[in-house]
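Listed below are the residues making up each chain.
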Amino acid sequence: MSRMTRPLAGAAVLAAAALLAAGCGSGFNSNNSQPAQKTGPASLQILIASSGDAETAAVKQAAAAWAKSSGNKATVTPAQNIDQQLGQAFAGNKPPDVFYMDASKVADYASVGALYPYGNKVNNPNDFYPTLRAAFTYKGTFYCAPKDFSTLGLVINTDLWSKAGLTDADLPTTWNQFTTDLQKIKAKGIVPLAVSPSHDRVDAFIKEAGGSIVDKSGKPDADSPQNVQALTYVQGLLKQGLMKYSSQLDTGWGGEALGTGKAAITIEGNWIEGAMKSDYPKIKYEIAPMPSGPAGPGTLEFTQCWGVSAKSKNHAADIAFVNAMTAPQQQLAFAKAFGVIPSRQSVQATYEQQFPTDKAFLAGAPNGVGPVNAPKVSDVLADYDTQLTQLAKTSPSAVLSRLQTNLTSALGG
């Protein structure tokens, strides 16, 4: 679920190559490629990208309970590098039955027919947040059930916020208010805002400006006036010293900049709470929604689904397993075990009661947007990240024009 760090470029390239081999060599695009389905008890292989021991234990426990009640078997394996291992498994024609699938990868797998499109076959599919359904919809087909999600919010060091003379009444709701707050913090000799140098953070402002990298029809839309407006605003923050990238502060990510007191505010998801508790327990902080831009509120969403292989011979059992993992009470149990936000709207009220500090993250759910939902764009987005690190000295229009050109080339027009 977390997007604290990005996968290694080499692993991403290897996964892409393996997936291409799977798509080209295994008949995924054939209309007759659905395998014969087994009857009787199933033995499912499940591959997860675990955030740690707590998640691994919780998923194994839930899988064991499902297996016992259903009469099936379920073997859960935590991946060391799920992009690499999943790509290799498909290339070797031995994919797991069920697996974690990041929203940024679904188009790659769906476009070569590797995913079984079961999304509308699960229990109460309309209970998933619409923005999450959209993240796992490719060419009009809802492929897989979202397992959980997070949005971005403002994470504020309350001591540094107060030192600048700011109170809860100053929590920003607009870009102008946000800029004013940052200026007051800077006036006290404090770095106001630290953000990880990635489109996974900066593009929240693009959503708030009403822009997108790829439009709803799947066409590149990177060089739109809305996107130029968004990056111009971010560039202004950088030029005025109101924002620095975490790497400029010799920190690995925004959470480290906040926790070490090198910045008063960062932009992160709810995964930061675990890091603050374990690494910076003495730092007091609060979370606020992202400020609205010219087009209104907006944030980014990070989510994974329970992917199901098109090659699995246990589709009925696969769906039954996903139903168990996405049942409301099971989602709340996962939230308690390893800090994820449930993907079902029906448990929002209960979740807010149990986890009141996440209310600001939940507030972004209706206004969030997932990653670029198009195949073959990993290298393009990596280049975009590189350009963003130079945004203070580069024309926003030039950055976006390069992105538009690269996307057009990758997507074929």
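Structure: above.
Because the structure is a prediction, the values reported are computed rather than measured. Along each chain, residues carry numbers from 1 onward, in the same order as the chain's sequence is written. Totals for whole chains, interfaces and linings use every residue, but because this is a predicted model, local features are given only for residues with pLDDT of at least 70 and side-chain atom pairs only at 80 or more, for both listing and counting. As a rule here, side-chain values come from all non-hydrogen atoms in the structure, and water together with hydrogens is ignored.

### A short note on the environment of Lys 376
Right, so step 1: Inspection of the secondary structure puts Lys 376 in the loop between β13 (368-369) and α16 (378-388).
Right, so step 2: The classification of residues rests on relative accessible area computed with a 1.4 Å probe and restricted to protein chains. Under 20% of the type maximum is buried, over 50% is exposed, and intermediate values are partly exposed. By relative accessible area, which is 60% here, Lys 376 ends up exposed.
Right, so step 3: Between the C-alpha atoms of Lys 376 and Asp 108, which are 268 residues apart in sequence, the distance is 6.4 Å.
Right, so step 4: Contact definition: two residues touch when any of their heavy atoms are within 4.5 Å. With residues up to four places along the chain from it excluded, the contact list for Lys 376 reads Asp 108 and Ala 410. Secondary structure elements follow DSSP: runs of H or I of four or more residues count as helices, runs of E of two or more count as strands, with numbering from the N terminus.

### Some details on the nonpolar core
Right, so step 1: Counting residues in each nonpolar core, the largest one holds 72 residues, and the members touching the most others are Phe 205, Leu 231, Ile 265 and Tyr 384.
Right, so step 2: No other element matches helix α9 (residues 225-239), which puts six residues into this core.
Right, so step 3: If we skip the residues at most four places from it in the chain, Tyr 384 touches His 199, Asp 203, Ile 206, Ile 213, Leu 231, Val 399, Leu 400 and Leu 403.
Right, so step 4: Among the nonpolar cores identified, the runner-up in size contains 50 residues, and Leu 47, Tyr 116, Cys 144 and Cys 305 belong to it. Definition of nonpolar core: a set of buried residues of the types Ala, Val, Leu, Ile, Met, Phe, Trp, Tyr and Cys, connected through side-chain atoms within 4.5 Å.

### Regarding helix α7 (residues 175-186)
Right, so step 1: How far a helix is expected to stretch is found by multiplying one less than its residue total by 1.5 Å. Compared with the 16 Å implied by 1.5 Å per residue over twelve residues, the 16 Å span of α7 between its first and last C-alpha is a close match.
Right, so step 2: Among the residues of α7, those classed as buried are Trp 175, Phe 178, Thr 179, Asp 181, Leu 182 and Ile 185. In an axial view of α7, the angular spread of the buried residues amounts to 160 degrees, which keeps them on one side of the axis.
Right, so step 3: Looking at the buried side of α7, the elements it contacts are β7 (153-157), α6 (158-163), β8 (193-195), α8 (199-208), α9 and β10 (265-268). The arc in question is formed by the directions pointing from the helix axis toward the C-beta atoms.

### Quick notes on unusual backbone geometry
Right, so step 1: Even without being glycine, Asn 124 reaches a positive phi, approximately 45 degrees.
Right, so step 2: As for its placement among the helices and strands, Asn 124 is situated in the loop between α4 (106-111) and α5 (130-135).

### Side note on helix α2 (residues 53-70)
Right, so step 1: For α2, built from 18 residues, the straight-helix expectation of 26 Å at 1.5 Å per residue is met to within 8% by its first-to-last C-alpha distance of 26 Å.
Right, so step 2: Directly beyond the C-terminal end of α2, a positive phi value near 85 degrees is found at Gly 71.

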